[in-house]
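Below are the chains, spelled out letter by letter.
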Amino acid sequence: MSDIVRVGFVGLGDIGKPMATRLAGQQAEAGLALGVFDLAPAPVEELVAAGAKAAGGVGALAAGSDVLCVMVNNDRQVRSVLDEVLAADGVGAGLTVAVHSTVAPETPAELEGLAARKGVRLVDAPVSGGAMGAGTGELAVMVGGSEEAFAAVRPVLDVLAKKVVHAGPIGAGTRFKLARNLMHYAAFTAATEAQRLAEAAGLDITALGEVVRHTDALTGGPGAIMYRDTTAELEPGSFWFTTFDHVRHLAEKDLDFAIALADELGVDVPMARIARERFAPGLGFPEEQA
C-alpha cells in the first residue's frame, strides 16, 4: 500500500492558487501527489508548471484523491462541487473532503450528511492568513469534523498551515472562522474611524497605518486580551481582574480623549462610543462597575 497521499485541489483563486502552489512545492517532502482543477485554464497551467497534474473535471479528480480540498467562493459553488464529487464513479469510502471556503454556519453539517451517503468523510476547514500566509504555509486552519476525518486531512493541513486547530465536530471550524472574522472586520471598521479622526486632525493617515502594523506585531493587537478560557464575570482580586482593571482604566482614559477630540473636530466616531460603553463589561467587569 502506498504511503503517498493523493490530494485534489478545486478552486485556484486568490487564496486557492497559493495554497495549491504550496502543496505542489512540498509534494516530495510531504509525501503528497497533487492534482488540480479550475474552470479557468491559466491557474491550472501555472500549477502544472509547478508540478501538479491537471484533472479533466471535479469528478475525475475526486475519484483519484484521498483528500479533496475545496476553495471556491460561496455556498452555492461548494454545493455544486460536492454534487459533482458524489455523482462521480469511483468515489466512496477513502475520500475525505476538506471545505476551505467560509460558508454559512449550517452548511457543513448538511454537506457532511450528503457525503456520508456515499461513505465520503467531510470536514469544514476554513483558513485565515490571506494569500501571503497561503504561499508560505503559515495559514491558520480551523477544522470541524470527526477525529477520523481530521486525521485524514491532517497531513495536507500541516503543509498549508502553521496553526491547525481541531475546533470540534462538524461546523465548529466555520463557527470558529466567523468569530475570528467578526473581530477582523469590526477592527477594520474601527480603523476607518481612526483614519477619519487622524485626517481631520491634519495627520498623515498612511503613517498611522504604519504605526498600527508595527505595534500590533509587537503586542498581538486585539488577541492580546484573549488568554482567558471563559467570558464569565471576573472574580474580584483574581489575576485577570487586577490585570484588566489596569487595562480598562487606560482604555477609558484614551477613549474619552479620542471622543472629545472627535467632537471638537466634528468627526462621527460611533465605534469609539460603543467601545467606551462596552469595553469594561466585555472584559468581564460587572455592569454596575462598568
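Residues numbered from 1 in each chain as written. Predicted model: local features only at pLDDT ≥ 70, side-chain atom pairs only at ≥ 80, totals over all residues. Heavy atoms only, no water.

Q: What is the right way to read the overall build of the protein chain from this model?
A: The helix and strand tally for the protein chain stands at 12 helices and nine strands. Dimensions of the protein chain along its principal axes, counting C-alpha atoms only, are 65 × 40 × 35 Å. Looking at the protein chain as a whole, 39% of its 290 residues qualify as buried. Looking at the protein chain alone, contacts between residues at least 24 apart form 67% of all its contacts between residues at least 6 apart. Of the roughly 15,300 Å² that the protein chain leaves accessible, carbon and sulfur atoms contribute 58%. The centroid of the 23 positive side-chain charges in the protein chain is displaced by 4 Å from the centroid of its 37 negative side-chain charges. (Helix = DSSP H or I, 4+ residues; strand = E, 2+ residues; numbered from the N terminus. Buried < 20%, exposed > 50% of the residue type's maximum accessible area, 1.4 Å probe, protein only. Contact = heavy atoms within 4.5 Å. Areas by Shrake-Rupley, 256 points an atom, 1.4 Å probe, with all protein chains shown as cover. Lys, Arg positive; Asp, Glu negative; His and termini not counted. Charge placed at Lys NZ, Arg CZ, Asp CG, Glu CD.)

Q: I keep staring at the packing of aromatic side chains and nothing clicks. Help me out?
A: Here a ring pair, both rings aromatic, is described through the centre-centre distance and the interplanar angle of the planes. What the rule picks out here adds up to four aromatic pairs. For the ring pair Trp240 and Phe244, a centre distance of 5.2 Å and an interplane angle of 40 degrees mean the geometry is tilted. Linking Trp240 with Phe244, this pair stays in helix α11 (residues 239-265), spanning four residues, or about one helical turn. Considering the side-chain rings of Phe241 and Phe285, the 5.1 Å spacing of their centres and the 65 degrees angle between planes classify their relative orientation as edge-to-face. (Phe/Tyr/Trp six-rings, centres within 6.5 Å; stacked < 30°, edge-to-face > 60°.)

Q: It is not clear to me how helix α10 (residues 205-219) should be interpreted in this structure. Could you clarify?
A: The periodicity of an α-helix, 3.6 residues per turn, causes residues three or four places apart in sequence to face the same way. Across its 15 residues, α10 extends 21 Å between first and last C-alpha, which sits within 8% of the 21 Å expected from 1.5 Å per residue. Looking at the residues trailing α10, positive phi occurs at Gly220, about 95 degrees. (Expected span 1.5 Å × (residues − 1).)

Q: Which parts of the structure should I look at to understand the side chain of Lys177?
A: Within the element layout of this structure, Lys177 appears in helix α9 (residues 172-200). Notably, Lys177 is buried but unbridged: the nearest opposite-charge side chain belongs to Asp124, and the N-O separation is 11 Å. Every residue in contact with Lys177, bar those within four places of it in the chain, is listed here: Thr102, Pro126, Val127 and Met142. (Salt bridge = Lys/Arg side-chain N within 4 Å of Asp/Glu carboxyl O.)

Q: What exactly am I supposed to notice about the pairing of strand β1 (residues 5-10) here?
A: Successive side chains on a regular strand alternate, one facing one side of the sheet and the next facing the other. Counting buried positions over the six residues of β1 gives five, a clear majority of the element. Summarising the sheet, β1 and strand β2 (residues 32-37) pair through six bridges and their orientation is parallel. By the bridge assignment, Val7 is partnered in β2 with Leu34. (Pairing = 2+ DSSP bridges.)

Q: It is not clear to me how the pairing of strand β9 (residues 161-168) should be interpreted in this structure. Could you clarify?
A: Both strand β8 (residues 139-144) and β9 contribute to a ladder of six bridges, which runs parallel. Bridged to Ala140 within β9 is Lys163. The β-α-β motif built from β8, the intervening helix α8 (residues 147-160) and the parallel element β9 has right-handed crossover chirality. (Right-handed = clockwise from strand over helix to strand, strands pointing away.)

Q: Whenever I open this one, the environment of Arg117 confuses me. Can you help?
A: Assignment of secondary structure puts Arg117 in the loop between α6 (107-116) and β6 (121-124). In the structure, Arg117 is positioned 31 residues away from Leu86 in sequence and 8.9 Å away in space, judged by C-alpha atoms.

Q: What exactly am I supposed to notice about the UniProt feature "domain: 6-phosphogluconate dehydrogenase NADP-binding" (unreviewed entry) in the protein chain here?
A: Mapped onto this numbering, the UniProt entry annotates "domain: 6-phosphogluconate dehydrogenase NADP-binding" (unreviewed entry) at residues 6-168. Span residues 6-168 is 45% helix and 25% strand, its end C-alpha atoms 25 Å apart. (UniProt positions renumbered as here; feature names shortened; annotations may be inferred.)

Q: Looking at this structure, I do not really get empty space enclosed by the protein. What am I missing?
A: If a probe the size of a water molecule is rolled over the atoms, the empty space left behind becomes visible. Taken as a whole and assessed by the stated rule, the structure comprises one cavity of 30 Å³ or more. Of the pockets and cavities examined, the largest cavity occupies roughly 40 Å³. What lines the largest cavity is Val70, Val78, Val81, Leu82, Val97, Val99, Leu111 and Leu122. Contributing elements (two or more residues each) for the lining of the largest cavity: α5 (75-87) and β5 (96-99). Among the elements that take part in the lining of the largest cavity, α5 stands out by supplying three residues, more than any other. When the residues that make up the lining of the largest cavity are grouped by side-chain class, the tally is eight nonpolar, no polar and no charged. (1 Å grid on protein atoms, 1.4 Å probe; cavity = no way out; pocket = protein on both sides within 12 Å on 5 of 7 lines; lining within 4 Å. Points joined across faces, edges and corners; volume = space filled by probe spheres on them. Nonpolar A, V, L, I, M, F, W, Y, C, P; charged D, E, K, R; others polar.)

Q: For this particular structure, what's the right way to read the pattern of salt bridges?
A: Pairs can form between side chains of opposite charge whenever their charged atoms are close. Within the structure shown, the criterion is met by 12 salt bridges. Linking Lys17 and Glu46 is a salt bridge whose minimum nitrogen-to-oxygen distance equals 3.2 Å. Pair noted here: Lys17 is in helix α1 (residues 16-25) and Glu46 is in helix α3 (residues 41-49), with a separation of 29 residues, a long-range link. Residues Arg278 and Glu287 are paired through a salt bridge, measuring 3.3 Å at the closest nitrogen-oxygen approach. Of the residues examined, Arg278 reaches a relative accessible area of 40% and is grouped as partly exposed. A network of salt bridges, in which partner residues are shared, links Asp245, Arg248, Glu252, Asp256 and Arg276.

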